Amino acid sequence: MPERPAAADLVVEINGLSTRFGKAVVHENVSLSVRRGEIFALVGGSGCGKSTLLREVILLQAPAGGSIRVFGREVVGMSDEQALPLRRRWGVVFERGALFSSLTVTENVGMVLHEHTRLSPRLIDEIAAVKIALTGLPADAGPKYPNELSGGMRKRASLARALALDPELLFLDEPTAGLDPLSATGIDELVRSLRDALGLTIMMVTHDLDLLWRAADRVAVLGDGHILGVGTMTELSHLDDPLIHEYFYGPRGRAAREQAWKQKSTSPS
Amino acid sequence: MDVVGIPKPGQVSGRVSALHPKWYAMMAAPIAELTIDREPATGTTACTARCTGLWTVHGIAELEGGIEALPWPRDGETVIDAAGISALDTSGAWLLHRTARMLAAQGRAVRIDGLRPEFDSLLQLIASRRVAPEAAVPPAPPGVLASVGRKAWADVLNVTGFLAFAGESFTALLRSILQPRRIRWRAILHNIESAGFEALPITGLLSFLMGIVIAYQGADQLQRFGANIFVADLVGIAMLRELSPLLTAIIVAGRSGSAYTAQIGTMKVTEEIDALRTVGVGPQELLVLPKMLALIVALPLLTVYTDVTGVLGGMLMARSQLGISFEVFFERLDAAIEMSTYLTGLCKAPIFAMIIALVGCYRGFETAGGADSVGRQTTISVVQSIFLVIVTDAVFSIVFNLLDL
């Protein structure tokens, strides 16, 4: 195991977290930490509680027990008022975009700025246009409504909204779900380039093995309510846990891994 | 030059209001500042603009408005000294880039100096993106004549659209009758339960109260003529012939018509309607017909029920206000009410049911876009179905009058 980083470098720390829905146990004693500046991915089979864990970190759902610290502050049991300063330091991209359907893309991004800053409408429109450009959307996407955009563009627009306040921490829920391979590859690159350019810390939940190989620095595998393993993709692929093994050595897992190796060997670095 | 204190000419400072003291306390100096130093005497020397503080989305709020008003020198080289910037995010970088671009556009040579390397790469990133030109000016609002024309045309389209929809629904109904196997009995029963049975308490209560009100108002007038007994005629005819069918239809339009629009509208937004079409199930058959058939059954039944509760209300009032016993009231009611009075009221109910179901479903299918549209269509649905119910009721009155019913 690598040496433990200093507490100040941990952006998200989860300790002994448990979640129950009625009698069903979703998480039991889950502990995780996300370091500053890394792309951290949470993976696992469908219904294993990945998204629930993410929702607990961003204060949309309360866990049954345990502690979650974000930027060093305990968020479990925090009131909305106390959470506001924290919420302004993170951005969230939801699985289905969750763009406000009655607003254009520019207004979706600008709405956050109008709400939390006192900038002039003109500057807000310009900043929104900058964010839209940063996420790789064409300039003419700004005045469009969400239902006029394709799935991939909607994801990018949602990312632009999440970046509106220049957050330090970005949460992505299934950033490539429902996208064609080409758009999904675009998202991989976008996630990495944004992290590098803006110094973001990214915590994401995903199924997408290609995205994991290409973008994630560290990955945690969730299964049976526990963390089965944490590490880089290469480290995880050498673990013996049968569930992890199945995940990585299933037919799709193998293809993604081979693809990743091929890329590593051909890339100049 | 002193940067702290009251802004002097040639200096703008942005100071963020303490909306959330805890958050701002975390920053050393939550403001972005820009100062112009005028070099003494020698005109050839470049003018320096000094940037300091936090150039972040929260720090630049008050700075941005003042930048253009600063006394920038007319020409020559301008050096933006950015060494004092302690934090820069994309918004701050954009403002810096915009300022430099503005100066360059006015014919000055601009250089940005001393920016930290990590900030410089962010500035390069912002500068490299082609940002959409400022939003196009929205087209001027159309003139009065044009907007009247547009509105009228939209109404025409609405009417033809509704007629087309009603036609489609009836052909679907015919198909179903020819192939009774395709009628969705379960859905019909479910709709009868939700639109009919579950509406019993509210329709019954309101009609009961209506009966009370009519008898109470009538009692006052009738007493003056010593015609107390005619309260039975009043309540019976008013309720059975007009009020009970109308009242019930209005309540059902508000309760179930709106629900139909919201349900179908949401299904339209989430592409469930398209999904139905692709699996070869006609949305008319699955969504419209069961609702329409269920209402055609439920609304007349509800009307009979509200007839009873309405008369009950009137009867109770007649006894307490006019001293007419239940037996006397019944005797008079029997004499006053003909079968045709009862039937003219009841025969309107299926027509009202069709109007409510068709308008509710049509408005649902007209939904496009998102949540906003669902709300708008639901409003239109309730307003239109109540409007059409009342208009139809008026037409019925005229027709019955001509037929001497």
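Residues numbered from 1 in each chain as written. Chains lettered and ligands numbered in written order. Predicted model: local features only at pLDDT ≥ 70, side-chain atom pairs only at ≥ 80, totals over all residues.

(A) Structural view of the overall build of chain B. Counting its secondary structure elements, chain B contains 13 helices and five strands. Contacts spanning at least 24 positions in sequence make up 83% of the contacts within chain B whose residues lie at least 6 apart. (Helix = DSSP H or I, 4+ residues; strand = E, 2+ residues; numbered from the N terminus. Contact = placed C-beta atoms within 7 Å.)

(B) Here's a closer look at the overall build of chain A. A tally of regular secondary structure across chain A gives 10 helices and 10 strands. Put simply, chain A has 269 residues, and 43% of those count as buried. Of the contacts made within chain A by residues no fewer than 6 positions apart, 62% connect residues no fewer than 24 positions apart. (Buried ≥ 20, exposed ≤ 12 C-beta atoms within 10 Å, placed from the backbone.)

(C) Layout of the sheet that holds strand β2 (residues 24-35) of chain A. All names here are of chain A. Pairing within the open sheet is antiparallel, and its four strands lie in the order β2-β1-β4-β5. Either end of the sheet is taken by a strand with one partner, and the two such strands are β2 and β5 (73-74). Pairing geometry for strand β4 (residues 65-70) and β5, over two bridges, is antiparallel. Along β5, the bridge assignment pairs V70 with R73. (Pairing = 2+ DSSP bridges.)

(D) Region of interest: the pairing of strand β8 (residues 201-205) of chain A. All names here are of chain A. Counting buried residues along β8, five of its five residues qualify, which places the element largely inside the surrounding structure. Of the two faces of β8, both are covered, the one formed by T201, M203 and V205 as well as the one formed by I202 and M204. As a crossover connection, the stretch from strand β7 (residues 169-173) through helix α6 (residues 181-198) into β8 is right-handed. (Right-handed = clockwise from strand over helix to strand, strands pointing away.)

(E) Fine view of the sheet that holds β7(A). Residue and element names in this part refer to chain A. Spatially, the six strands line up as an open sheet ordered β6-β7-β8-β3-β9-β10, and their pairing is mixed. Here the strands that pair on one side only, and so sit at the sheet edges, are β6 (90-93) and β10 (226-231). Going from strand to strand, the sheet's axes swing by 15 degrees on average, the running direction of each strand aside. (Axes fitted to C-alpha atoms, helices over the stretch in contact; angles between N-to-C directions.)

(F) Examining the environment of N147(A) more closely. Along the chain, N147(A) turns up in the loop between α4 (121-134) and α5 (151-162). Those residues within four positions of N147(A) in sequence are excluded, and the remaining contacts are S101(A), G369(B) and G370(B).

(G) The arrangement of the packing of helix α3 (residues 105-116) of chain A against α5(A) in detail. Residue and element names in this part refer to chain A. Where α3 contacts α5, the axes come no closer than 8 Å and their chain directions differ by 20 degrees. Comparing the axis directions of α3 and α5 gives the class roughly parallel. Note on packing geometry: the crossing formed by α3 with α5 is right-handed. Here V105, N108, V109 and V112 of α3 come into contact with α5, specifically with A157, A160 and R161. Grouping the amino acids of the contact of α3 with α5 by side-chain chemistry returns five nonpolar, one polar and one charged. (Parallel < 35°, antiparallel > 145°, perpendicular 65-115°, else oblique. Left-handed = near helix turned anticlockwise from the far one by under 90°. Nonpolar A, V, L, I, M, F, W, Y, C, P; charged D, E, K, R; others polar.)

(H) View of the interface of chain A and chain B. At the interface, 26 residues of chain A touch 26 residues of chain B. Every element with two or more residues in the side of chain A that touches chain B is listed here: α2 (80-87), α4 and α6 of chain A. Here the element with the most residues in the side of chain A that touches chain B is α4(A); it accounts for nine residues. In terms of residue class, the side of chain A that touches chain B is made up of 15 nonpolar, six polar and five charged.

(I) Geometry of helix α9 (residues 242-249) of chain A. All names here are of chain A. Every buried residue of α9 is accounted for by I244, Y247 and F248. The buried side chains of α9 occupy one side of the element, clustering within an arc of 85 degrees when seen end-on. In α9, the exposed positions angled more than 90 degrees off the buried face are occupied by P242, E246 and Y249. (Arc of directions from axis to C-beta.)

(J) Inspection of unusual backbone geometry at higher detail. All names here are of chain A. If you check the backbone angles, L59 has positive phi at about 70 degrees while not being a glycine. Structurally, the position occupied by L59 is in the loop between α1 (50-57) and β4. Residue L59 is classed as buried on the basis of its C-beta count, with 20 C-beta atoms lying within 10 Å. Positive phi, normally seen in glycine, also occurs at E174, with a value near 50 degrees. For E174, the location among the structural elements is in the loop between β7 and α6.

(K) The environment of D196(A), seen in detail. Residues and elements named next belong to chain A. Along the chain, the position of D196 falls in helix α6. For D196, a count of 12 C-beta atoms within 10 Å corresponds to the exposed category. On a C-alpha basis, the gap between D196 and G37 in space is 8.4 Å, while along the polypeptide they are 159 residues apart.

(L) Representation of the environment of A177(A). Residues and elements named next belong to chain A. Inspection of the secondary structure assignment puts A177 in the loop between β7 and α6. With 15 C-beta atoms counted inside 10 Å, the residue A177 sits in the partly exposed group. When the C-alpha atoms of A177 and G151 are compared, they prove to be 9.4 Å apart, with 26 residues separating the residues in sequence. In this structure, A177 is in contact with E95 and H207, ignoring residues within four places of it in sequence.

(M) Up close: the confidence of the model for chain B. Residue and element names in this part refer to chain B. On average, residues of chain B score 84 in pLDDT, and 88% of them are at 70 or above. Per-element confidence in chain B is highest for helix α12 (residues 348-365), whose mean pLDDT is 96, and lowest for helix α1 (residues 21-25), whose mean pLDDT is 43. Residue range residues 1-29 is modelled with pLDDT below 50. Its contacts to residues more than four positions away, or to other chains, number 47 contacts. For this predicted complex, the interface score ipTM comes out at 0.74, while the overall pTM is 0.70. (pLDDT = per-residue confidence, 0-100.)

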